[in-house]
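Fold and contact review
Each chain is listed here by its residues.
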Amino acid sequence: MSSILKIYAPVISTYGRIAAMTAEEAGLVWENVPTHAGAGEHRARHPFQKTPAVEIDGIQLYETIAICQYVDDVHGRGQLQPKDPLERARMSQWISIANAYVFPTTENGLVLPRLVVPMMGGTPREELIEQALPTIAYQMTLVSNRLEEAAYLAGNRFSLADIFMYCILRAVQLTPEGRMIFDQLLPLKKWASTVSTRKSAQATQWSTEDFMD
Ligand SMILES: N[C@@H](CCC(=O)N[C@@H](CS)C(=O)NCC(=O)O)C(=O)O
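Residues numbered from 1 in each chain as written. Predicted model: local features only at pLDDT ≥ 70, side-chain atom pairs only at ≥ 80, totals over all residues.

1. Quick look at the overall build of the chain
The helix and strand tally for the chain stands at 9 helices and 4 strands. Starting at the N terminus and ending at the C terminus, the chain contains elements arranged as β-α-β-β-β-α-α-α-α-α-α-α-α. Compactness check: the chain gives a C-alpha radius of gyration of 17 Å against a globular reference of 17 Å for 213 residues, within 12% of the reference. Judged by the C-alpha coordinates and their principal axes, the chain covers about 50 × 40 × 30 Å. When burial is assessed residue by residue, the chain has 40% of its 213 residues classed as buried. When contacts within the chain are restricted to residue pairs at least 6 apart in sequence, those whose partners lie at least 24 apart make up 68%. (Helix = DSSP H or I, 4+ residues; strand = E, 2+ residues; numbered from the N terminus. Rg over C-alpha atoms; globule rule 2.2 N^0.38 Å. Buried ≥ 20, exposed ≤ 12 C-beta atoms within 10 Å, placed from the backbone. Contact = placed C-beta atoms within 7 Å.)

2. So, the site of the ligand
Close to the ligand lie Ser 13, Thr 14, Tyr 15, Ala 37, Lys 50, Thr 51, Glu 63, Thr 64 and Asn 99, which account for all nearby residues. In terms of residue class, the shell around the ligand is built from 2 nonpolar, 5 polar and 2 charged. (Near = placed C-beta within 6 Å. Nonpolar A, V, L, I, M, F, W, Y, C, P; charged D, E, K, R; others polar.)

3. Quick word on unusual backbone geometry
With an omega of 10°, the peptide bond running from Thr 51 to Pro 52 counts as cis. Positive phi, close to 55°, is recorded for Gln 49, a residue that is not glycine. For Gln 49, the position within the fold is in the loop between strand E2 (29-34) and strand E3 (53-56). By the C-beta count within 10 Å, which is 15 here, Gln 49 ends up partly exposed. Unusually for a residue other than glycine, Arg 77 sits at a positive phi of about 55°. Mapped onto the elements of the fold, Arg 77 is located in the loop between helix H2 (64-75) and helix H3 (85-119). By the C-beta count within 10 Å, which is 10 here, Arg 77 ends up exposed.

4. Considering the nonpolar core
Judged by nonpolar contacts, the single largest core of 53 residues is most densely connected at Ala 19, Val 54, Ala 161, Phe 164, Met 165 and Ile 168. Listing elements by their share of this core, those giving two or more residues are strand E1 (4-9), helix H1 (14-26), E3, H2, H3, helix H4 (126-149), helix H5 (160-173) and helix H7 (186-196). Here this core gets 11 residues from one element, more than from any other, and that element is H5. Structurally, this core is a two-domain feature, drawing no fewer than three residues from each of domain 1 (4-75) and domain 2 (85-202). (Core = buried A, V, L, I, M, F, W, Y, C linked by C-beta atoms within 7 Å. Domains from an automatic or database assignment.)

5. Overview of the environment of Arg 114
With respect to the secondary-structure elements, Arg 114 resides in helix H3. Separated by 68 residues in the primary sequence, Arg 114 and His 46 have C-alpha atoms spaced 28 Å apart.

6. Observations concerning the pairing of E2
Direction of pairing for E1 relative to E2: parallel, over a ladder of 6 bridges. Among the inter-strand pairings, Ala 9 is bridged to a residue of E2, identified as Pro 34. In the classification by handedness, the crossover that spans E1, the intervening H1 and the parallel E2 is right-handed. (Pairing = 2+ DSSP bridges. Right-handed = clockwise from strand over helix to strand, strands pointing away.)

7. Topic: the packing of H3 against H4
At a minimum axis separation of 9 Å, H3 and H4 run at an interaxial angle of 140°. What the angle tells us is that H3 and H4 run oblique. Between H3 and H4 the crossing geometry is left-handed. Two secondary-structure elements touch here, H3 through Tyr 101, Val 102, Thr 105, Thr 106, Gly 109, Leu 110, Pro 113 and Arg 114 and H4 through Leu 128, Ile 129, Gln 131, Ala 132, Thr 135, Ile 136 and Gln 139. Each residue belonging to the contact of H3 with H4 can be placed in one class, and the counts come to 8 nonpolar, 6 polar and 1 charged. (Axes fitted to C-alpha atoms, helices over the stretch in contact; angles between N-to-C directions. Parallel < 35°, antiparallel > 145°, perpendicular 65-115°, else oblique. Left-handed = near helix turned anticlockwise from the far one by under 90°.)

8. Digging into H4
Its 24 residues give H4 an end-to-end C-alpha distance of 35 Å, which sits within 8% of 34 Å, the value for a rise of 1.5 Å per residue. By the burial criterion, the buried members of H4 are Ile 136, Met 140, Val 143, Ser 144, Arg 146 and Leu 147. (Expected span 1.5 Å × (residues − 1).)

9. Side note on the domain arrangement of the chain
We note that the domain assignment places domain 1 (4-75) and domain 2 (85-202) within the chain. Contacts between domain 1 and domain 2 engage 10 residues on the former and 11 residues on the latter. Secondary-structure elements contributing two or more residues to the side of domain 1 that touches domain 2 are H1 and H2. In terms of residue count, H1 provides more of the side of domain 1 that touches domain 2 than any other element does, 7 residues in total.

This is the structure in structure tokens:
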């Protein structure tokens, strides 16, 4: 029986999409099991109550980087992880930056207040956005500078680092403020547009991308 990656995550989820996009790149069938991170039963899958957690061939895994490396190693022949030590280090560096700095800043300071709060019928706290924008612009400038010196974050080839950063910054690009920052950072904008044409990006598009772009 062929393998299926079951992704426990909300239907619209940045990290759920990272896992799904990696599965697409590896040619692995995946399905989303709509899951709320805080749900009681989810603690058994992810003791830190984050999404995604996954199940594949009777194995359970959580933490997106672990999921993606496993999927790529076992089902994608490791093609998303450079063999060259320096390129591999650069990939890890940019994944770490995406996870530790860019996601928390953009998610809490822009994506949640500007997109998610109104979707849930609430009013965004504009001061949160105003405070976060200089840091978001600074971080995106650093990413753009890297993409001015290399076609992809690890070097000349598309890697897991591009999947992490693309999924995180795609949500930013769906906000008016994020789009203005993208418009000033041409290397970043060009890279995002190139990544968006990949089959894996198109197959994992959020429904909100249609009407927000
Ligand atoms: N370190 C986790 C982070 C995943 C994460 O932050 N997921 C978000 C959804 S995109 C989440 O679970 N948010 C709910 C919460 O923080 O309560 C990973 O890499 O998988």
